Amino acid sequence: MHDPELDEIFTDPAHQEVVDLLKATPPMEPPLDPHFRSYLRAKLMTEAQRSLPRRASRSWFSFSPRMLAPAMAAVAAGFIVVLGIQIYLHNQSLPGGNQVAFDTKAINNKSDVATGEPIRIPFSGPVDKAAVEGTVQIEPATSVTKQWDGSTLVIIPTHQLAPNTTYTVSFKPSAAAPRETPPSVPGIKATARPSVAPTPVVVHFTTVRAPITTVVAPSYKASTVGFVADNRLAESRSILNGTWTAADQLLVTRPGGQAGPASASPSAGGTPAKKPATDVWLMSAGGAPLRLVAPNATLPSTPATGSMFAAWTLISPTQARLDVFDLQGNLISSIGMVNTTPDRPATWVGTDRLAYVDGGSLHLVDLHGAPVAIPEVKVDHGSVAASPNGSLIAVEAVGGSVFVDLTKVPATASPLLHPGATGFAWSPKGDLAFLVPASTGSELYVAADGQAASKIAGGPAGQTWSDLNWAPDGASLLVASAPSESTGGTSTLLVINRDGSDQKTFGAPQSEYTAPRWSPSGDLVLFTRRDEGGGSAFWAAGVSTTGTNATEQQVLTEVDTFMQARIHGNSSAAQAELDVNARGKYDAGTSSLLSQSGTQYDRYYPVNVQLVSSHPTRFLVTVRIFSKSGATETSFFEEQLTLVQQGQRYLVDDVKASAAMPLGHGPTVVSVEVVQTPPGQEVRVRFDADLNAATVNEGSIKVTDSGGNAVNARVTFDANNHLATVALRLRPGTYQLVVTTGVADINGTTLAQEYDAPLVISS
């Protein structure tokens, strides 16, 4: 409904949420006394007009809109809307007269929501699920699926949410065909009531703060890698196998019938086994099942990049088909068939071919199922691994381990230099690691691309090494160590540098870490561990890195001290972080040191960090500062802070500020990262919304030189990570990133205003 008098009384933008709620509130049947509504409305309107001028509207609303909404809803709609922890639904009741409600306390106003976790809203009773689903809106624009886990609504973003972002989930009633409702009082005629939908509510939450994009990337050498904590992802035997996706989510095989959100995934095709034993699910890094992506399937595998995966679909107890899916569960192609039950995942060879073993022989096919000619290589249960660029396959063949060289036409197979080589693992840089059993234990070898393998480390007597896995930067290896059956002892996990130095125990002492797999971002290690009942469960261990650029960390510490002082309104502490030049800039109004009257600086985060010169004495740090009015964030702006070493510390020497940008008006840029990728560079621009990929191109995202001229660049877009990558080759100097209003989200809403950011290319 719409009442013009509401607009006259509630003029402050901070009160607009209440007005919107009232406008969307459906009227219920009038009370028995036809004059009651008019009387109550006039009484409460008079009270609102009397109280508003007497005290500041900001403080009056600081404890409400949600406290005021019930009374105003009674005035405007004739029934009470209860917001906050429990939001009541119209026309829904449980036995005993209690109303059906849903609980938002687990998510509302939370400031550390994981980007990969689903949004769960439990209801206290049965509801019209279709009506509820139809009212959900999320901003920034996010593609989601809405599923039910019993009486809990599960909202699952199609792609992970952006970090450092405040999201708004709205439940707004939609028009629905009336339905007949039985009378509750004998003798009273039944009336037509609207179909059930939730009362208007807005839920706000902020995602976790992303790791700061640094000038010097973190090193995963043994001396800098630290263990944080173990976290069991699921109960024993509820995950049978799993792997990471390129977006730091998990693809896992689960026994058929396991709990999780309902799935509308399309059938994999063919005739499934009568009793499907397993399914492949997409799972968050925290262990939350997101969606069924491959029914009747097992043993998923993923390429290093992209959003596809391969899995074996079980057609019958003695037949399986190799299928390729996207992460939504859509079948892309079926590329192979085996007359057995597979015991290993297919191996990705680059991003466009897959190798698998059938009948004891190695086969290679492209994504259309066309076979690729390779020499005859017999494989029993040996290791198979492909190089990152897809040019070589290392195979533990029956007659001895070999390289299959796909760069030659026809492809050739040549023996490895070390008999018994097994456990192959390729690093992101193209180094091959493998193990050779020895009488005293295990020997670890590494072969650089095009060079002979050399022994870098050896295990102690009585210990067997296995399950090699490279760190994301190729600086070190994870090695699982277990005692031999004859010697006993304890299991452990080692971190060993690429050159064999600094062997270090990772994780809790005397604990099992089997089949370790580093996540692509390097924050987690996936592994399995046996439990007391003899089963095996999947766990994730947190990883920290130290030893990054100490100067850069000092700069960021000074920035944090400066920003925290401003957020808490401490002018003297903030000015202590400025030199004379920067103080003059703030005094002249280049930017506001403290928040303006009626608003408050709420939070900040660094967008990027850049080295201004070739020596670590001058840094450019871009910070995004959010302002709130009342309890709600309303806008943000950015400052480019130049910090210069002065004595033993860094001080802010210069500042440039952008115009304020209102929140909730289209997609925005979350972060900008400049990465050296010889012989050129990449500028990686992350957004907070799901974008229309067709709008992300060289026309909407540009890099200009000091004269404003666009430089040659190629723009690609990764929808899974909201990431636009600008590939270019620049000389040292200062440039400008320009993201135009041509970029639009999936709803067709464009950037509210052009986004500009300085880019510093150092020598």
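What comes next concerns the included structure. (Residues numbered from 1 in each chain as written. Predicted model: local features only at pLDDT ≥ 70, side-chain atom pairs only at ≥ 80, totals over all residues. Heavy atoms only, no water.)

### Observations regarding the environment of Ser-151
Part 1 of the reasoning: Structurally, Ser-151 is set in the loop between strand 5 (144–149) and strand 6 (152–157).
Part 2 of the reasoning: The class of Ser-151 is partly exposed, set by a relative accessible area of 35%.
Part 3 of the reasoning: As for Ser-151 and Ile-121, which are separated by 30 residues in sequence, their C-alpha atoms are 8.8 Å apart. (Helix = DSSP H or I, 4+ residues; strand = E, 2+ residues; numbered from the N terminus. Buried < 20%, exposed > 50% of the residue type's maximum accessible area, 1.4 Å probe, protein only.)

### Concerning the pairing of strand 29 (residues 441–447)
Part 1 of the reasoning: Counting buried positions along strand 29 yields seven of seven residues, so the element is predominantly enclosed.
Part 2 of the reasoning: Pairing of strand 28 (residues 432–438) with strand 29, which is carried by seven bridges, proceeds in the antiparallel orientation. Looking at strand 29, one finds that Phe-434 is bridged to Tyr-445.
Part 3 of the reasoning: Connecting strand 28 to the antiparallel partner strand 29 that follows it, the hairpin turn spans two residues.
Part 4 of the reasoning: One ladder, built from four bridges, connects strand 29 with strand 30 (residues 454–458); its direction is antiparallel. (Pairing = 2+ DSSP bridges.)

### Examining the side chain of Glu-577
Part 1 of the reasoning: Topologically, Glu-577 is positioned in the loop between helix 8 (571–575) and helix 9 (580–587).
Part 2 of the reasoning: For Glu-577, a relative accessible area of 7% puts it in the buried group.
Part 3 of the reasoning: Filtering out sequence-adjacent residues up to four positions away, Glu-577 remains in contact with Glu-558, Thr-561, Phe-562, Arg-649, Tyr-650, Leu-651 and Val-652. (Contact = heavy atoms within 4.5 Å.)

### Points about the pairing of strand 13 (residues 250–255)
Part 1 of the reasoning: Burial of strand 13 is extensive: six of the six residues sit out of reach of the surface.
Part 2 of the reasoning: What you see with strand 13 is no split at all: Leu-250, Val-252 and Arg-254 on one side and Leu-251, Thr-253 and Pro-255 on the other are buried throughout.
Part 3 of the reasoning: Pairing analysis gives four bridges linking strand 12 (residues 241–244) to strand 13, with the strands arranged antiparallel. Considered in strand 13, the bridge of Thr-243 is made with Leu-251.

### What to know about the packing of aromatic side chains
Part 1 of the reasoning: According to the stated counting rule, one finds 18 aromatic pairs in the structure shown.
Part 2 of the reasoning: Ring geometry for Phe-424 against Phe-434: centres 6.2 Å apart, planes inclined by 65°, an arrangement best described as edge-to-face. Of this pair, Phe-424 sits in strand 27 (residues 422–426) while Phe-434 is found in strand 28, placing the two residues 10 residues apart along the sequence.
Part 3 of the reasoning: What links up through ring pairs into an aromatic cluster is the set Phe-227, Phe-506, Tyr-513, Phe-527 and Trp-539.
Part 4 of the reasoning: Sitting above the plane of the Trp-539 ring, Arg-529 keeps its charged end 4.7 Å from the centroid.
Part 5 of the reasoning: The ring of Phe-626 carries Arg-603 above its face, with NZ or CZ at 3.8 Å from the centroid. (Phe/Tyr/Trp six-rings, centres within 6.5 Å; stacked < 30°, edge-to-face > 60°. Lys NZ or Arg CZ within 6 Å of the ring centre and 35° of its normal.)

Function cannot be inferred from these measures alone, as they are strictly geometric.
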